[in-house]
Amino acid sequence: MIEIYTESFAGIETLHAVPAGKKYQPLPCVLFYHGFTSSRTVYSYFAVALAQAGLRVVMPDAARHGARYDGDEKTRIRQFWQILHQNMLEFPALRDALVEARLVSEGRLGVGGASMGGMTALGVMTHYPQARSVACLMGSGYYLSLAHTLFPPLEVHNPEQQRQFDEILRPLAAYEVRHQLANIADRPLLLWHGEEDDVVPAMETRRLQQALQAQGLDGNLTCLWQPGVKHRITPEALDATVRFFATTLQVTPA
């Protein structure tokens, strides 16, 4: 059995799931981020499955999503990359709130997510070694190039618009995996992608896999592909994520 709560950490409303009776005990913990235009509630099946495996799960709503959504869809659809960046900026406060509350056992903190959430997880991994293991499902760590085709922040028809475009993307450059392969190779990393993904191309994951392999940095990498699957989470992806975090965060069997 599990317990699920709505709680705020660092001023951010989250879905908080734990094995029954263990809310206040230090546990291996996963911060899990949802996808764009979705919410923590929509992705709550991850919280259920991970908590059933013995993990504490904290799922925040991204800015302009879920409990933080103001109803302005026209503005939100143009702010994918700004929202992604804000997820990364908010991670340290969430991490610190969980640690200070003594909810994380022996530093066993994992970070995961799907789509925009997977991109968040990779960005967090480049900067924060406290993320002991990371799972990126149908995501990408190559933000600057992907932004030209995936939810571009604005159309570019002249030099001024190009300047504005570049300015919006500039903060994400520091989180790109392209020049930080060593920073994501020293801990367990799970990459999962449907081969027919029609939103975030599967080649984004292939590109990272190949980059790590080319430099001999794939010793901690698990890369899984699912044929015929578009941009959606499958039962197989969910099961693989649960197994990954249960193993890498060393969950003690009940």
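Just so you know, these numbers come straight off a predicted model, no measurement behind them. (Residues numbered from 1 in each chain as written. Predicted model: local features only at pLDDT ≥ 70, side-chain atom pairs only at ≥ 80, totals over all residues. Heavy atoms only, no water.)

## A short note on the nonpolar core
Here is step 1 of the chain: Membership of the largest hydrophobic core comes to 51 residues, with the highest contact counts inside it found for Trp81, Leu84, Met119, Tyr143, Leu189 and Leu208.
Here is step 2 of the chain: Top element by residues in this core is helix H3 (residues 80-100). It accounts for nine residues.
Here is step 3 of the chain: Each residue touching Leu189, except ones within four places of it in the same chain, is listed here: Leu122, Met125, Val134, Ile184, Leu212, Asn220, Leu221, Thr222 and Phe244.
Here is step 4 of the chain: Ranked by size, the runner-up nonpolar core spans 28 residues in total, among them Ala17, Ala51, Leu137 and Met138. (Core = buried A, V, L, I, M, F, W, Y, C linked by side-chain atoms within 4.5 Å. Buried < 20%, exposed > 50% of the residue type's maximum accessible area, 1.4 Å probe, protein only. Helix = DSSP H or I, 4+ residues; strand = E, 2+ residues; numbered from the N terminus. Contact = heavy atoms within 4.5 Å.)

## Re helix H9 (residues 235-248)
Here is step 1 of the chain: Between its first and last C-alpha atoms H9 spans 20 Å; for 14 residues at 1.5 Å apiece the expected length is 20 Å, and the two agree.
Here is step 2 of the chain: Summarising the contacts, the buried residues of H9 are in contact with strand S3 (27-33), helix H1 (44-52), strand S5 (104-114), strand S6 (133-137), strand S7 (189-194) and strand S8 (221-226).
Here is step 3 of the chain: Of the residues trailing H9, Gln250 is marked for its positive phi of about 55°. (Expected span 1.5 Å × (residues − 1).)

## Focus on the pairing of S7
Here is step 1 of the chain: Across the six residues of S7, six count as buried, placing the element largely inside the fold.
Here is step 2 of the chain: Of the two faces of S7, the one holding Leu189, Leu191 and His193 and the one holding Leu190, Trp192 and Gly194 are both buried throughout.
Here is step 3 of the chain: The sheet contact formed by S6 and S7 spans four bridges and is parallel. Counted as the bridge partner of Val134 is Leu189 from S7.
Here is step 4 of the chain: Alignment of S7 against S8, held across six bridges, turns out to be parallel. In the strand pairing of S8, Leu190 is matched with Thr222. (Pairing = 2+ DSSP bridges.)

## Some details on the sheet that holds strand S2 (residues 12-19)
Here is step 1 of the chain: Taken in spatial order, the eight strands make up an open sheet running S1-S2-S4-S3-S5-S6-S7-S8, and their pairing is mixed. Among the strands making up the open sheet, the edge pair consists of strand S1 (2-9) and S8. Going across the sheet, the axis of each strand differs from the next one's by a mean of 20°, ignoring polarity.
Here is step 2 of the chain: Here H9 sits on the sheet and contacts S3, S5, S6, S7 and S8; the angle it forms with S6, its principal contact strand, is near 170°. (Axes fitted to C-alpha atoms, helices over the stretch in contact; angles between N-to-C directions.)

## Notes on the side chain of His34
Here is step 1 of the chain: Relative to the helices and strands, His34 resides in the loop between S3 and H1.
Here is step 2 of the chain: Residue classification places His34 among the buried positions, given a relative accessible area of 2%.
Here is step 3 of the chain: For His34, the side chain forms a polar contact with the main-chain nitrogen of Ala62, separated by 3.0 Å. (Polar contact = N/O pair within 3.5 Å; in protein donor to acceptor, adjacent residues only side chain to side chain.)

## What about the pattern of salt bridges?
Here is step 1 of the chain: Within this structure, the stated rule accounts for twelve salt bridges.
Here is step 2 of the chain: Of the charged contacts, one joins Glu160 and Arg163 as a salt bridge, the two residues approaching to 2.8 Å between their closest N and O atoms. A residue pair is termed a helical-turn pair when its members lie 3 or 4 positions apart in one helix, as Glu160 and Arg163 do in helix H6 (residues 159-169) at three residues.
Here is step 3 of the chain: Relative accessible area serves as the criterion here: at 44%, Arg163 is assigned to the partly exposed category.
Here is step 4 of the chain: Three or more residues are tied together by salt bridges with common partners; here these are Glu13, Arg40 and Asp61. (Salt bridge = Lys/Arg side-chain N within 4 Å of Asp/Glu carboxyl O.)

## What to know about the packing of aromatic side chains
Here is step 1 of the chain: Enumeration according to the criterion identifies eleven aromatic pairs in this entry.
Here is step 2 of the chain: A centroid spacing of 4.3 Å and a plane angle of 25° characterise the contact between Phe32 and Phe46, whose relative ring orientation is stacked. Within this pair, whereas Phe32 is found in strand S3, its partner Phe46 is found in helix H1, the two being separated by 14 residues in sequence. Taken individually, Phe32 and Phe46 each receive the classification buried, so the pair is uniform in this respect.
Here is step 3 of the chain: Considering the side-chain rings of Phe36 and Phe151, the 4.8 Å spacing of their centres and the 65° angle between planes classify their relative orientation as edge-to-face. With Phe36 in the loop between S3 and H1 and Phe151 in the loop between helix H5 (143-146) and H6, this residue pair connects regions lying 115 residues apart in the sequence.
Here is step 4 of the chain: On the accessibility criterion, Phe151 (28% relative accessible area) is partly exposed.
Here is step 5 of the chain: Ring pairing ties together the aromatic residues Phe36, Phe80, Trp81, Tyr143 and Phe151, which thus form one cluster.
Here is step 6 of the chain: The ring of Tyr5 has Lys23 lying over it, and the distance from NZ or CZ to the ring centre is 3.8 Å.
Here is step 7 of the chain: Here the basic side chain of Arg76 rests over the ring of Tyr69, its NZ or CZ set 4.1 Å away from the ring centre. (Phe/Tyr/Trp six-rings, centres within 6.5 Å; stacked < 30°, edge-to-face > 60°. Lys NZ or Arg CZ within 6 Å of the ring centre and 35° of its normal.)

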